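Here is how the chains run, residue by residue.
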Amino acid sequence: MTIQKETVVAELAQGALLLPNLIADGLAANARIKFALSWLQAIEASSGRDDRTPFADLGAERALAGLDHNPLYDPPALLERTGDGVRVPQIGAVMSRLLDDLSHMCAAVEAGVTAGLFDRAAAVTFRGREQALRASLHLDGDVLTPGLVSRLSRLSGSDEASFHGLVMEMHKAINDIAAGLAETDVAGARAYLLDQADRDRLIAFMHGLNRTAPLKFNHPGLATNAMRDGARMIIQNDLGTTDAHVLIAQVENLRLNIIHSDIHKQRLDFFQRRLPRFSWTVSNRHAQGMEDDVFLVTVGTFDAPDLATLDAALEELGASLVFLIDWNKARKSLGRFVPRREAVAILDWAADHEYGHRAYLEIGGEVMIDDLLETVSRITGVSYTSLQRALGKDDTTTFLRETLRIASENLRGGRSPFVIRDLLQAELMMRVGSVADRILDDAVDHAALILDLGNLVHATLLDNVADLGGAATRAKLWEALADRQVGRICDLSRDGKVRAWRMIASEADDAADKFEEVAFLLQFLPRDLPVELRERFLLLVEGAIMAVRDYVRLLCALRNEHQTIARQDMRAFMAFLDRLHEHEHATDDIQRDLFTHLMHADVDARVFHVTTAVADGLEEVADALLNAGRLVSDHAVGEWFAT
C-alpha cells in the first residue's frame, strides 16, 4: 500500500489545509452515492422481471459520477434469485464503497468545523448517524436482501436512520461550508480566510516561488494552498507528484516553521543546505494505518527579528522548492559520470546559480550525454567510453555544470532540445579538443616540481640548508605532488592520440623520484665532505638541473606551437632534444669521474656507499629526462606529419 499525499498532509498539519480538497472529495462522494442508489434500484427492478429484460441504461449518470471506467458498476451478467433475495456478484463491494463515500462526506463536514465554518454539535450528530448506519447495513455474502434498496433510498426527515436523508443533509452542509470558504488568488496561490497580514506573507513566499518555478519546465508541481488556521497561517506546497513529498509552512507572528516530508534522506539534507538560517530536526514518521510506509520529516524553525526578515526567509523558501522536484532522479543521472558526492555538489551549484536540473532531465539527461559521447567519438575517430576518459575527472565536473547551465538558459529562452543538444555537442568537442593543451599544462607543472626538487638538492649540497631531515621531508612532499600530477596526466590521456603522454609522464616522474631519493641520502653525508667530492656533486646536480630546464623548454615550445608549427620550424624544437642528449652525456661523464676519484680516495665505506648512490641518482635524472624528451619528440613529430 502506498502513502497518499492527503494522509501525509493530515499527519503534518492536522488536516487544516485539506478542507478545500475534502470539500471537493465530499461532493464527489455525494455524486457517487447518488449513482450507486440508482444502480441498486436498477438491480432491484431487474430482479423482479424475466431474464430477457435489459438492465437500465445508466451510462450518462455513471460518466457524470466519474465511474464510467469502474468495473464494479458494470451491468451484472447474472442475477440469481434465492430464498433470501437476489444474488448479485460483488454487491458486498458496492455496499462497502457506498458506506466509505458516506464517511468521506462526514470528513468534509468535520474539516468545516475545524475552519470555524460549521457547527460542531451538528457534525458530531452526523458522524454518529453514519456509524449507526454502518453497523446496521450489512449483507450476507453477495445476496441483496428484499427491502434494503428501498431503505437506503427513502427520504424521511423524521427518521434519523435514513441513509439517503443523511446524505442530503450533509450535502447541504458541505455546500454551506464551501460558500463560506471563499477562494481567492494571491500571486498564484489558492488562499482561504486570509487577512491582509497573511496575504503580505503569502505574497513574499510566492515571489520566490514564481521566480524559480519556470525551472520545473513541463513537470507538474508547486501548486500552493494557504489558509488561516486559528492563530497561524498555513501554506502547503505539493512539490510535484510524489505522495510522501509534502511541504507545510506555518507562520505565526514572527516565527516561521517548515515541516518537510520525504522518503529520500539526501534530498532532505540538500533542502536544509538551501535554508541555512533555519534550525533543523529530523525524525521518522509512519502514515496513519500504514505501518510499513515510513517517511522522513524535517522540521525547521526561524524566529525573525522583524517582518522584512520574515518576508526574506519566506521568499528564500519559495525559491528553493523547484530544486526538490526530480532531485533524486537528477542525482542518479549525474552519478553515472561522477562520484555520488560530486553529483550532489553539482546539484548544489546549479541551485545556487538558479539554473536547476530539470532542463537537463528534460532534454534527455544521461541518455543525451551518452549520445553526445558516441557522436564525438565518431567525429574524432577516438572511442570515448566515458566522460572521464574523454575529459578527465575535473573537467568532467566542469562540463556537467555547463550542461546544466546551457540546458536551463536555452530551454527557458525557448530553444528546442535539438538546438540545445547541438550547443552541448560543440561544448564537448571544444573540451575534447583542448585535452592536449591541458595535458601539456599539467606536464609543464610536473616538470616545475622536478625543478623545485633539483634546486632543493642543489641548496643542500651548497650547505645552505640547516635542517637536512626537514629538507628530505619537504622533498618527499613535493615528490608526492609530482605523483599526483602524473595521475592527472594519465587520467586525461587514456585514449587516442594523447595516450603517449602516459609513458612520457611516467618517464619524467623517474627524475622526480631520483631527486627525492638524493635529498633523503644527503642527510647521511658528513658535513665535512671533502671539497673535491662536493665540487663534483655540484657539477653533477647542476647538469641535472640544466636537463630539467631544457625539458621544460621543450614542453613549452610544444605547448606554444604544437597546433600551428610549420615543418621547417621542427629544427628549433629538436635543438632542445639535442641539448638533453648533451646533458645526459655530461652527467654520465661527471658521474664516472666522481667514481674514479672515490676509488683513489681514502673514504669510509658508509660514505662510499652513500656517495655512489647520490651520484647514480643524479645521473639517472638526466637519463629519465632524455627518455621523456625522446617520447615527446616522437609524439610531436607524429602529430606534425599527420597534419
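Since the model is a prediction, treat every value here as computed from it, not as a measurement. (Residues numbered from 1 in each chain as written. Predicted model: local features only at pLDDT ≥ 70, side-chain atom pairs only at ≥ 80, totals over all residues. Heavy atoms only, no water.)

Colleague: Quick one: what's the story with the pattern of salt bridges, residue by residue and with numbers?
Modeller: All told, the structure shown has 33 salt bridges when counted by the stated rule. Here Arg277 ties to Glu316 by a salt bridge, and the two come within 2.6 Å at their closest N and O atoms. Taken as a pair, Arg277 in the loop between helix H9 (265-274) and strand E10 (279-287) and Glu316 in helix H10 (residues 307-320) lie far apart in primary sequence, 39 residues in all. A cluster of three or more residues bridged by salt bridges with shared partners is formed by Asp100, Glu110, Arg127, Glu130 and Arg134. (Salt bridge = Lys/Arg side-chain N within 4 Å of Asp/Glu carboxyl O. Helix = DSSP H or I, 4+ residues; strand = E, 2+ residues; numbered from the N terminus.)

Colleague: If you had to explain the confidence of the model for the chain to someone new, which residues and values would you point to?
Modeller: Considering every residue of the chain, the mean pLDDT works out to 83; 86% of them sit at 70 or more. Note on residues 286-292: pLDDT under 50 across the span, and 16 contacts to partners over four residues away in sequence or across chains. Ignoring residues within four places in sequence, the model shows residues 563-568, a span with pLDDT below 50, making 5 contacts including any to other chains. (pLDDT = per-residue confidence, 0-100. Contact = heavy atoms within 4.5 Å.)

Colleague: Pulling in residues and values, what's your account of the sheet that holds strand E3 (residues 143-144)?
Modeller: Taken together, 3 strands build an open sheet; the order of strands is E1-E2-E3 and the sheet is antiparallel. Taken across any chain shown, the strands that pair with only one partner, and hence form the sheet edges, are strand E1 (80-82) and E3. Pairing geometry for strand E2 (residues 85-87) and E3, over 2 bridges, is antiparallel. By the bridge assignment for E3, Arg87 is matched with Val143. (Pairing = 2+ DSSP bridges.)

Colleague: Before we move on, could you go through the side chain of Asp442 and cite the residues and values that matter?
Modeller: Note on placement: Asp442 falls in helix H18 (residues 435-461). Among all residues touching Asp442, those that are not within four sequence positions of it are Gln485, Arg488, Ile489 and Leu492.

Colleague: Now, about the packing of helix H4 (residues 91-114) against helix H5 (residues 120-136): what can you tell me, with residues and values included?
Modeller: Their axes nearest at 9 Å, the elements H4 and H5 cross at an angle of 165°. The angle between H4 and H5 falls in the class roughly antiparallel. Crossing handedness for the pair H4 and H5: left-handed. Across the interface between the two elements, Leu99, Asp100, Leu102, Ser103, Cys106, Ala107, Val109, Glu110 and Val113 from H4 touch Arg120, Ala123, Phe126, Arg127, Glu130, Leu133 and Arg134 from H5. The residue makeup of the contact of H4 with H5, split by class, is 9 nonpolar, 1 polar and 6 charged. (Axes fitted to C-alpha atoms, helices over the stretch in contact; angles between N-to-C directions. Parallel < 35°, antiparallel > 145°, perpendicular 65-115°, else oblique. Left-handed = near helix turned anticlockwise from the far one by under 90°. Nonpolar A, V, L, I, M, F, W, Y, C, P; charged D, E, K, R; others polar.)

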